[in-house]
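If you want the building blocks of each chain, they are given just below.
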Amino acid sequence: MKEEIINIIADTLELPKNHINEKTNLIKDLELESLDIVELINAFEMQYGIEILDQDIKNLQTVEDIIKYIENKNV
Amino acid sequence: MYKLYIEKNISSEKLLKKVLDEYNIKDEIIYNEYGKPYLKNNEVYFNISHSGIYTVLVTSSSEVGVDIEKIAMHEKVMAKVCTDEEKKLIKNAEDFTKIWVKKESYVKFLGIGLSYGLKNVDTLKNNNFIIKKIDDYYISIYMED
């Protein structure tokens, strides 16, 4: 799951994979802007067939947060 | 009333410091639960946005939101955040970018950001947006006073 999530982030945003790990903060470390975040959410939703609720977005700050969130969706 | 600062190749932090120095404000920056910054002890509101080479900052005597974005089409994002009526009006990258910055400036005005749900912002039913274009970027400022 971890590797897959990192691959999706790297592929969607065209970032080098070795810059991303579980502790990476999307805004502070990767300097993502809102457009990037919406692109990422869309990619996760398509890949896992889930819906990421708008109100949950503020809790998805690190790669680890995303992994736990998607795991909790029983993917 | 608002004042818009547009600068190239400067970080958000440096532009904020420069503007606060101009106002001679030495105040603590505090954040709401969604990360919107405020001055702790001043009645000056501000908001910052960054895209590509540009950083913009707006100051105002009331709540304000600002967004800048380089003109580009993002089909998947459009499908996700635009209403059906907005989608009908989007014919090109300029149309999309104008709607995107409007939505963003509104949720930044509210201080909620993406958690508000960009699809819930109907840009066709609100006339408070101030739109500016610089080079190949659009800027939207949103305020209600």
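Residues and elements named next belong to chain A. Across the interface, helix H1 (residues 2–13) lies against helix H3 (residues 63–72) with an axial gap of 10 Å and an inter-helix angle of 120°. The angle between the axes of H1 and H3 places the two elements in the oblique class. Judged by the sense of rotation from one axis to the other, the crossing of H1 with H3 is right-handed. Contacts between H1 and H3 involve Lys-2, Ile-5, Ile-6 and Ile-9 on the former and, on the latter, Val-63, Ile-66, Ile-67 and Ile-70. Class assignment for the residues of the contact of H1 with H3 results in seven nonpolar, no polar and one charged.

Core analysis: the largest hydrophobic core is formed by 46 residues, its most contacted members being Ile-5, Ile-9, Phe-44, Ile-66 and Ile-70 of chain A together with Phe-96 and Trp-100 of chain B. The leading source of residues in this core is helix H2 (residues 34–48) of chain A, at eight residues. When sequence neighbours within four positions are dropped, the list of residues in contact with Ile-9 of chain A reads Glu-14, Ile-20, Leu-26, Leu-30, Leu-40, Phe-44, Val-63 and Ile-66 of chain A. Ile-10, Leu-20, Leu-39 and Ile-48 of chain B belong to the second largest nonpolar core, which has 11 residues in total.

Across the boundary between the two partners, chain B contributes 19 residues, which contact 13 residues of chain A. Of all residues in chain B, the largest losses of buried area upon contact with chain A belong to Lys-80, Leu-114 and Ser-115 of chain B, amounting jointly to 42% of the total for that side. Our enumeration of links across chain B and chain A arrives at two salt bridges. Linking Lys-80 of chain B and Glu-45 of chain A is a salt bridge whose minimum nitrogen-to-oxygen distance equals 2.7 Å. The interface formed by chain B and chain A contains five residue pairs in polar contact (both at pLDDT 80 or more). Counting residues per element, the ones that place at least two in the side of chain B that touches chain A are strand S4 (45–51), helix H2 (75–81) and helix H4 (93–110) of chain B. Among the elements that take part in the side of chain B that touches chain A, H2 of chain B stands out by supplying four residues, more than any other.

Parameters and conventions
Residues numbered from 1 in each chain as written. Chains lettered and ligands numbered in written order. Predicted model: local features only at pLDDT ≥ 70, side-chain atom pairs only at ≥ 80, totals over all residues. Heavy atoms only, no water. Axes fitted to C-alpha atoms, helices over the stretch in contact; angles between N-to-C directions. Helix = DSSP H or I, 4+ residues; strand = E, 2+ residues; numbered from the N terminus. Parallel < 35°, antiparallel > 145°, perpendicular 65-115°, else oblique. Left-handed = near helix turned anticlockwise from the far one by under 90°. Contact = heavy atoms within 4.5 Å. Nonpolar A, V, L, I, M, F, W, Y, C, P; charged D, E, K, R; others polar. Core = buried A, V, L, I, M, F, W, Y, C linked by side-chain atoms within 4.5 Å. Buried < 20%, exposed > 50% of the residue type's maximum accessible area, 1.4 Å probe, protein only. Buried area = accessible area lost by both parts, 1.4 Å probe. Salt bridge = Lys/Arg side-chain N within 4 Å of Asp/Glu carboxyl O. Polar contact = N/O pair within 3.5 Å; in protein donor to acceptor, adjacent residues only side chain to side chain.

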